[in-house]
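# Coordinate inspection notes
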Amino acid sequence: MLRLLFLLLALPLAVFAQPTNTRSLLPVPSQVNWGKSRLYWKAPLQLRLERDDDPAVRAAAERLLANLGRQAGRPQASAKAPQLQIRYGQPGRMENFDEERYTLRVLPAGVTIDAPTSLGALRALATLQQLFTADGKDFYFPEVEIQDQPRFVWRGLLIDAARHFMPVSVIKRNLDGMAAVKLNVLHWHLADDQGFRVESKVLPKLHQVGGAKGYYTQEQVREVLAYAQARGIRVVPEFDVPGHTTAWIAAYPELASNDSTYGVATRWGVLNIAVDPTQETTYQLLDKLFGEMTTLFPDPYFHIGGDENDGRQWRRNPRIAQYMRDNGMVKRDGTVDKHALQTQFNRRMLTIVSKYQKKMVGWDEILGPGLPKDAVIQSWRGKKGLYEAAKAGHTTLLSNGYYIDLNLTAASHYAPDPLPADAPLTDEEKKRILGGEAAMWAEFADSVIVDSRIWPRAAAVAERLWSPAAVTNVDDMYRRLALVSAELETLGLQHRRAPHQLLTMMAAGQKLEPLQTLAGAIEPVKEYKRHFQGMKYTTETPLNRLVDAAPAESEAVRVFYTTLDSLLRAPRAKVTELPRTPATRRQLAYLRAQLKDWQQNDARVQPLLQLNPALREYAPLSTQLTVVSTLLLQRLEQLEKGQAASAAWLATAQQQVDAAKKPAGQAELALATKLSKDLLAQP
Ligand code: ACM
């Protein structure tokens, strides 16, 4: 085990030729010039603020110094200690997209930060935190000059607090995570079929009935807003209408589009339950609520959702269908046009939201003929919607490609660019693309494990939205993502601790490592497949099984295949024997050690899996881990010796891998699902 650990630790540096000028910084700044010397942490830096009229800057600097003190020990303060000198031109107003540009200089004599606004100073402090390094003996900052600014002004993270309620502490620690990677908008999804999560003083049944399983008091909302503001993060609330409103209708049945009564939903899926857009009472209620909520939330943007309503309840209600016909909302084929009715509804929403001096944001379904230009479009279904909206004159946000709840790889979220070089837009249209948002929907994330579903992968989106477009090296992103993951740990995020605690609970006093090894080699099934694999999930289903402790993207398997790929990329590697350089020897030794560890794990973990009824469903994945490791060990030996695999061997191996791809307990064996076809093909 120790040998394996050593190899794993040595690997990233030993194996890959990485660009090292990015060092530990994520997102990568616009310009970095590294020097040769260091500023050692002998005593806490002395904070010197040239102006102090934005309390956020002093607070952020003090948090930084406290964090570094915790990491490095807190030596005696000294009047001779180097300074951390911060200058900014004026307090920044996030809501105006004021500048976040900054210059950061580290010299052996001290640190200076210069920025046009206090927002830039906050971003500089986030960078400074990432520069803090140890060399085995001392902690230090490397000498550097950084000039930096974001590529996009809107860099968001959506947190769904409606499907599973996320207490204030969850939101706060994730705001710390956002600030660390320079995300600047929390999109707070506060209402859905399964919950209405804010106290309403004007319509109290919304939280009393809709939020019976948890809601934020207005006092708590203000606490979160202050916490976000102190980190230079805006908070945009979402109240999703006309669909996704079962919880509202449970509270106020007069909103319903039919005569049924509803309880707050406990099942998942697109329910297509919508408020009645033909009743004035619906608009009166929404006006009342939005009047209250636009006051509670000071951000100029207000999100009304608008997604996933297929209009079935409207078509099926004869009165609403007649309303559509009476108002010319009819398609060419004579059937009623739900989209026209929803557009009329959207216009009413825009009137209300505008009355309260807010800009309305909605998902791309709200786009349609007749939608006024000042509605902002957030595109989740594809880039097409993003570009159509920009061409139609709307400002836009990209979320398609950034759905981190789908358990896809960080690389898959790193690739999509809101504005690729070949975007089919004029310069004027390009300016309308404000940025994007990672989206953490919470059907399968509760307050315990949600951090592990957000981090560290959300940081890949953060880099895409902040860094220059040319920053695209995936291996280097992963190298730095691991560093960010460790940094987030120091900030109190639970993305590593919570899964570890779940596993500890499941191990119930038995040895933990074999279970960790198994959990680390599997991943939850992808996209929304978890709904369709024999287990009926509701809002009440505990998320405490092995699948919930498994990483969205297995780091162990990713490192394994990345190493194998780099080995096989050597010229003619698959035809003749592998080259024998010190580097390839090291790679081979690591690959073999890792495979043997996986191969032997089944014997170590099966007794525990059989003992615990909640773990037994994962026994097949453990067995398959041994099967696939065994065949990969054989394949490695063939490659190493330059022996051709027989057609029969390859065919059997492929069958075994296909069988090993079968999920169990809504989890899948990443070693099988990520095995590339080439590996089992004749060269
Ligand atoms: C969405 O994912 N329905 C916005």
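Residues numbered from 1 in each chain as written. Predicted model: local features only at pLDDT ≥ 70, side-chain atom pairs only at ≥ 80, totals over all residues. Heavy atoms only, no water.

### A short note on the overall build of the protein
Using the following cut-off: Going along the chain from the N terminus, every DSSP run of H or I of four or more residues is numbered as a helix, and every run of E of two or more is numbered as a strand. In this treatment the radius of gyration is a C-alpha quantity, and the globule benchmark scales as 2.2 Å times the residue count to the 0.38 power. Exposure was quantified through the Shrake-Rupley algorithm and a 1.4 Å probe, taking into account, for residues, occlusion by the shown protein chains and nothing else. Positive charges come from Lys and Arg alone, negative charges from Asp and Glu alone, with His and the N- and C-terminal ends not counted. Note that the charge is assigned to NZ on lysines, CZ on arginines, CG on aspartates and CD on glutamates.
In terms of regular secondary structure, the protein is built from 26 helices and 18 strands. Relative to the globule expectation of 26 Å for 683 residues, the C-alpha radius of gyration of the protein, 27 Å, shows essentially globular dimensions. Overall size of the protein, expressed as C-alpha extent along the three principal axes, is 80 × 70 × 55 Å. Summed over all atoms, the accessible surface of the protein reaches about 27,200 Å², with 54% contributed by carbon and sulfur. One way to put it: in the protein the 84 positive side-chain charges average out to a point 4 Å from where the 73 negative ones average out.

### Description of the pattern of salt bridges
Formally: Salt bridge, as used here, is a side-chain nitrogen of Lys or Arg placed within 4 Å of a carboxyl oxygen of Asp or Glu. Exposure categories follow from relative accessible area, calculated using a 1.4 Å probe and restricted to protein chains: below 20% of the type maximum is buried, above 50% is exposed, and the middle band is partly exposed.
Enumeration over the complete set of coordinates arrives at 46 salt bridges. We note a salt bridge from Glu199 to Lys201, for which the minimum N-O separation is 3.3 Å. One salt bridge in this structure joins Lys384 and Glu388, with 3.2 Å as the shortest N-O distance. Residue Lys384 and its partner Glu388 are both found in helix α12 (residues 383-391); the two are separated by 4 residues, about one turn of the helix. According to the relative accessible area criterion, Lys384 is exposed, its value standing at 63%. Look at Glu388 and you get partly exposed, because its relative accessible area is 38%.

### A look at the pairing of strand β9 (residues 185-192)
Under the convention used in this document: The rule for pairing is simple: two strands pair if DSSP sees at least two bridges between them. If the strands point away from the viewer and the path from the first strand over the helix to the second runs clockwise, then the crossover is right-handed.
Judged by how many residues are buried, β9 sits mostly within the fold: 8 of 8 residues are covered. With 5 bridges joining them, strand β8 (residues 154-160) and β9 adopt parallel strand pairing. In the sheet register, Ile159 faces β9, and the bridge partner there is Trp188. On the question of chirality, the crossover connecting β8 to the parallel β9 by way of helix α4 (residues 168-180) is right-handed. With 2 bridges joining them, β9 and strand β10 (residues 195-196) adopt antiparallel strand pairing. Across the sheet, Ala191 pairs through a bridge with Phe196, a residue of β10. Adjacent in sequence and paired antiparallel, β9 and β10 are bridged by 2 residues.

### Thoughts on the side chain of Gln666
Inclusion rule: Contact criterion: two residues are considered in contact whenever any of their non-hydrogen atoms come within 4.5 Å of each other.
Turning to its location among the elements, Gln666 is positioned in the loop between α25 (647-660) and β18 (667-669). Gln666 has contacts with Pro524, Val525, Arg530, Gln533, Met535, Tyr537, Arg545 and Val547, leaving out every residue within four places of it along the chain.

### Examining the packing of aromatic side chains
Selection criterion: For Phe, Tyr and Trp, rings pair up if their centres lie within 6.5 Å, where Trp contributes its six-membered ring, and each pair is then called stacked (planes under 30 degrees apart), edge-to-face (over 60) or tilted (otherwise).
Under the criterion given, the structure shown has 22 aromatic pairs. Summarising the aromatic geometry, the rings of Trp41 and Phe132 are spaced 5.5 Å apart at their centres and angled 75° between planes, so their arrangement reads as edge-to-face. Taken together, the residues Trp41 in the loop between β1 (31-40) and β2 (46-49) and Phe132 in the loop between α3 (118-131) and β6 (133-134) connect sequence positions 91 residues apart. The same class applies to Trp41 and to Phe132, which are both buried. Where Phe132 meets Phe139, the ring centres are 5.3 Å apart and the plane angle is 15°; that geometry is what we call stacked.

### Side note on the packing of helix α2 (residues 55-72) against α3
Going by this rule: Only the stretch in contact is used when a helix axis is fitted, and all axes are lines through C-alpha atoms; the angle between N-to-C directions ranges over 0 to 180 degrees. The cut-offs work like this: below 35 degrees is roughly parallel, past 145 is roughly antiparallel, 65 to 115 is roughly perpendicular, and the gaps in between are oblique. Nonpolar residues are Ala, Val, Leu, Ile, Met, Phe, Trp, Tyr, Cys and Pro. Charged residues are Asp, Glu, Lys and Arg, and all others, Gly as well, are polar.
At a minimum axis separation of 9 Å, α2 and α3 run at an interaxial angle of 5°. As the angle between them shows, α2 and α3 are arranged roughly parallel. Two secondary-structure elements touch here, α2 through Ala56, Val57, Ala60, Ala61, Leu64, Asn67, Leu68 and Gln71 and α3 through Ser118, Ala121, Leu122, Leu125, Leu128 and Gln129. Tallied by class, the residues present in the contact of α2 with α3 amount to 10 nonpolar, 4 polar and no charged.

### Re the environment of Lys430
Inspection of the secondary structure assignment puts Lys430 in helix α14 (residues 427-430). Linking Lys430 and Leu64, residues 366 residues apart in sequence, is a C-alpha distance of 36 Å.

### Digging into the confidence of the model for the protein
Here is the rule we go by: Per residue, pLDDT captures the predictor's confidence, and it can take any value from 0 to 100.
Scored by pLDDT, the protein comes out at a mean of 95, with 96% of its residues at no less than 70. When mean pLDDT is taken per element in the protein, helix α16 (residues 458-466) scores highest with 99 and helix α1 (residues 2-15) scores lowest with 47. Contacts from residues 10-18, a stretch scored under 50 in pLDDT, to residues over four places away or in other chains number 14 contacts.

### Overview of unusual backbone geometry
Of note, the bond from Val241 into Pro242 is cis; its omega dihedral lies within 30 degrees of zero at 5°. If you trace the backbone, Pro242 turns up in the loop between β11 (234-239) and α7 (246-251). Residue Pro456 is reached from Trp455 by a cis peptide bond, and omega for that bond is 0°. Within the secondary structure, Pro456 sits in the loop between α15 (450-454) and α16. Positioned with a positive phi, Arg23 is a non-glycine residue whose angle comes to about 40°.

### Digging into the environment of Asp138
Under the convention used in this document: A 3.5 Å cut-off defines polar contacts: any pair of N or O atoms within that distance qualifies, except that in protein one atom must be a possible hydrogen donor and the other a possible acceptor, and neighbouring residues in sequence count only when both atoms are side-chain atoms.
When you line up the elements, Asp138 lands in the loop between β6 and β7 (139-148). Between the C-alpha atoms of Asp138 and Gly306, which are 168 residues apart in sequence, the distance is 54 Å. Not counting chain neighbours up to four residues away, the residues in contact with Asp138 comprise Tyr40, Lys42 and Thr133. Within the structure, the side chain of Asp138 is placed 3.2 Å from the side chain of Lys137, a separation counted as a polar contact.

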